[in-house]
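# Fold and geometry: a report
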Amino acid sequence: MSIAQRLNEIKNNLPSSVQVVAVSKFHKVSAIEEAYEVGHRIFGESRVQELIPKYNELPKDIQWHFIGHLQSNKVKFIVPFVDMIESVDSLKLLEEINREAKKFDRYIKILLQIHIAQEEHKYGFHFEEVEDLIKLGKLKSLSHIKLVGLMGMASFTDKEDQIRNEFRKLASFYRHLKASYFSEDDSFRELSIGMSDDYPIAIEEGSTLVRIGSKIFGSRE
């Protein structure tokens, strides 16, 4: 099947509450254009040096999501145009995004990345760190970011029960934050869990954004 066919097949089988972030990292502009031509607009990239030339070449109504580990010194390069940064994993990064967004008078949507996997090398806040950020008012002081939800990556494993449990814990924490701190904030509504191999489980556990690459674009080029 073509990229367009694979993308449409996935989207046609999703609940209306779930959006696809088409993960286009390591794929050519022509592949993104094929998805764009059938109406898709949300694309995910994980490397600044790859995202910038794609942004410059492709239509400007694309909603770019940055989904990889973001170094603070590279924030300034994507803040002028990025729609959402899903992988915010430290207070230092939050503060840098806010500082750069002020310069461009932009308000950047962000997701806090939560560490839910067993692999220690993966990035992310722990649950208690996020709650402390909120309780201590540190997020409120950042005037040019908008926290719209949480993101997480499950362990790299074939054990579906483990993946489901990790997603379920994050979904439960998301609901706790929503009820306790954001019940009046309609913009706090995104839970980005699930990738090509595990997104059906993620949807069952409450995902609103699924990050799908290989199932749309095929193997990396």
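Right above here is the structure, for reference.
For the structure given in this document, a descriptive report is provided here.

So, how was this worked out
Residues numbered from 1 in each chain as written. Predicted model: local features only at pLDDT ≥ 70, side-chain atom pairs only at ≥ 80, totals over all residues. Heavy atoms only, no water. Salt bridge = Lys/Arg side-chain N within 4 Å of Asp/Glu carboxyl O. Helix = DSSP H or I, 4+ residues; strand = E, 2+ residues; numbered from the N terminus. Buried < 20%, exposed > 50% of the residue type's maximum accessible area, 1.4 Å probe, protein only. Contact = heavy atoms within 4.5 Å. 1 Å grid on protein atoms, 1.4 Å probe; cavity = no way out; pocket = protein on both sides within 12 Å on 5 of 7 lines; lining within 4 Å. Points joined across faces, edges and corners; volume = space filled by probe spheres on them. Nonpolar A, V, L, I, M, F, W, Y, C, P; charged D, E, K, R; others polar. Arc of directions from axis to C-beta. Phe/Tyr/Trp six-rings, centres within 6.5 Å; stacked < 30°, edge-to-face > 60°. Pairing = 2+ DSSP bridges.

Taken as a whole, this structure holds 13 salt bridges when the rule is applied. Notably, a salt bridge pairs Glu50 with Lys54, separated by 2.8 Å at the nearest N-O pair. A residue pair is termed a helical-turn pair when its members lie 3 or 4 positions apart in one helix, as Glu50 and Lys54 do in helix α3 (residues 48–57) at 4 residues. Judged by its relative accessible area of 11%, Glu50 falls in the buried class. One salt-bridge network, held together by shared partners, links Glu45, Arg47, Glu50 and Lys54.

A separate point is the environment of Ile145. When you line up the elements, Ile145 lands in strand β6 (residues 145–152). C-alpha separation for the pair Ile145 and Ser207, spaced 62 residues apart in sequence, amounts to 22 Å. If sequence neighbours within four positions are ignored, Ile145 has contacts with Leu94, Ile97, Asn98, Ile108 and Ile110.

For the rest of this paragraph, the subject is the layout of surface pockets. Space left empty within the atom packing is revealed by a probe, the size of a water molecule, rolled over the atoms. Taken as a whole, the second largest pocket spans an internal volume of roughly 280 Å³. Lining the second largest pocket are Ile134, Leu139, Lys140, Leu142, Ile145, Lys146, Leu147, Tyr181, Phe182 and Asp185. Among the elements that make up the lining of the second largest pocket, the one with the highest residue count is β6 (3 residues). Its residues assigned to classes, the lining of the second largest pocket comprises 7 nonpolar, no polar and 3 charged.

With that settled, the discussion passes to empty space enclosed by the protein. A complete count under the given rule lists 1 cavity of 30 Å³ or more for this structure. Taken as a whole, the largest cavity spans an internal volume of roughly 30 Å³. Residue lining of the largest cavity: Gln113, Ile114, His115, Ile116, Ala117, Lys122, Tyr123, Gly152 and Met153, and that is the complete set. In terms of residue class, the lining of the largest cavity is built from 5 nonpolar, 3 polar and 1 charged.

Note that Ser72 resides in the loop between β3 (63–66) and α4 (75–78). Along the chain, Ser72 and Lys146 lie 74 residues apart, while their C-alpha atoms are 18 Å from each other. Beyond its immediate chain neighbours, meaning those up to four positions away, Ser72 contacts Lys92, Leu93 and Glu96.

With that settled, the discussion passes to helix α6 (residues 127–135). When we look at burial in α6, the residues that qualify are Val130, Glu131, Leu133 and Ile134. End-on view of α6: buried residues confined to an arc of 155 degrees, all on one side of the axis. Facing away from the buried side of α6, by more than 90 degrees, are the exposed residues Glu128 and Lys135. Close packing links the buried residues of α6 with α5 (91–103), β5 (108–114) and α7 (160–181). Gly137 sits one or two residues past α6 and shows a positive phi near 75 degrees.

We now examine the packing of aromatic side chains. The tally for this structure, following the rule as stated, stands at 5 aromatic pairs. Centre to centre, the rings of Tyr55 and Phe81 are 3.9 Å apart; their planes meet at 10 degrees, and the pair counts as stacked. In this pair, Tyr55 is assigned in helix α3 and Phe81 in the loop between α4 and β4 (84–88), connecting sequence segments 26 residues apart. Between Tyr174 and Phe188 the ring centres are 5.4 Å apart and the planes differ by 15 degrees, which places this aromatic pair in the stacked class.

As defined by bridge partners, strand β2 (residues 42–45) adjoins β3 across 4 bridges and the pair is classed as parallel. Across the sheet, the residue bridging to Glu45 is Phe66, located in β3. Across 2 bridges, β3 lies against β4 in parallel orientation. Bridging across to β4, His65 finds its partner in Met84.

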